[in-house]
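As a plain string of letters, each chain reads:
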Amino acid sequence: QVQLVESGGGLVQAGGSLRLSCAASGRSFSRDTMAWFRQAPGKEREFVAKIVYSGASPRYGDSVKGRFTISRDNAKNTVYLQMNSLKPEDTAVYYCAGQTGLVLGARPTDFGSWGQGTQVTVSS
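Scoring rules and cut-offs
Residues numbered from 1 in each chain as written. Predicted model: local features only at pLDDT ≥ 70, side-chain atom pairs only at ≥ 80, totals over all residues. Heavy atoms only, no water. Helix = DSSP H or I, 4+ residues; strand = E, 2+ residues; numbered from the N terminus. Rg over C-alpha atoms; globule rule 2.2 N^0.38 Å. Buried < 20%, exposed > 50% of the residue type's maximum accessible area, 1.4 Å probe, protein only. Contact = heavy atoms within 4.5 Å. Lys, Arg positive; Asp, Glu negative; His and termini not counted. Charge placed at Lys NZ, Arg CZ, Asp CG, Glu CD. Salt bridge = Lys/Arg side-chain N within 4 Å of Asp/Glu carboxyl O. Patch = residues over 30% accessible without salt bridge, like charges linked within 9 Å, V, L, I, M, F, W, Y side chains within 5 Å. Areas by Shrake-Rupley, 256 points an atom, 1.4 Å probe, with all protein chains shown as cover. Disulfide = S-S within 2.5 Å.

Explanation requested: the overall build of the chain in the structure shown.
Tallying secondary structure elements over the chain gives zero helices and eleven strands in all. Along its sequence from the N terminus, the chain presents helices and strands in the succession β-β-β-β-β-β-β-β-β-β-β. Here the C-alpha radius of gyration of the chain, 13 Å, is about what a compact globule of 124 residues would show, namely 14 Å. Overall, the C-alpha framework of the chain stretches about 40 × 25 × 25 Å when taken along its three principal axes. Here the chain holds 124 residues, and the buried ones make up 47% of them. Restricting to contacts in the chain with at least 6 residues of sequence separation, those with at least 24 account for 59%. Each charge class in the chain can be summarised by its mean position, and for the 14 positive and 9 negative side chains these summaries are 4 Å apart.

Written as structure tokens, this is what we have:
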């Protein structure tokens, strides 16, 4: 199983930007579907973005469409989440997730590997 470590979180003012990174180790994830989820206190884990191993057809949750962009660099075993126009409601712990092969769904249970999360806080 691949090990995932997120980084890049922090405190940012509303309207600002952050770029999260997810570094994989243990094996190549070039054939994995990768995703980002987030979870705020008292709320369920929410789908943010997903990308297949080829990088084609990225998928986004409705709340982040037009503001966030997922990308991957298989040679570096790294997935990114560029977050622009951040809002206070984006405040959450952001998790990187992965699963071998083609994942059709966007549910937490569709993914078998998870990072520990990185905190993103957006101030008003």
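Picking up after the structure, the text goes on.
Explain the pattern of salt bridges here, please?
Opposite charge on two side chains allows them to pair when their charged atoms are near. Inspection of the entire model under this criterion finds six salt bridges. Between D32 and R27 there is a salt bridge, with the nearest N and O atoms lying 3.0 Å from each other. D32 gets classed as buried once you look at its relative accessible area, which sits at 2%. Between D90 and R67 there is a salt bridge whose closest N-O contact spans 2.7 Å. Within this pair, whereas D90 is found in the loop between β8 (78-83) and β9 (92-100), its partner R67 is found in the loop between β6 (59-60) and β7 (68-73), the two being separated by 23 residues in sequence. Three or more residues are tied together by salt bridges with common partners; here these are R38, E46, R67 and D90.

What am I meant to see in a nonpolar patch on the surface here?
Residues Y53, L102 and L104 make up a contiguous nonpolar surface patch of roughly 340 Å² in combined accessible area. Position of L104 among the secondary structure elements: in the loop between β9 and β10 (113-114).

Would you explain the state of the cysteines in this entry?
Such a bond, covalent and formed between the sulfur atoms of two cysteines, is termed a disulfide. In total, this model carries one disulfide according to the counting rule given. What pairs with C22 in a disulfide is C96, and their sulfur atoms sit 2.1 Å apart. Because the torsion about its S-S bond is -80°, the bridge between C22 and C96 counts as left-handed. With a gap of 74 residues between them, C22 in strand β3 (residues 18-25) and C96 in strand β9 connect regions that are remote in the sequence.

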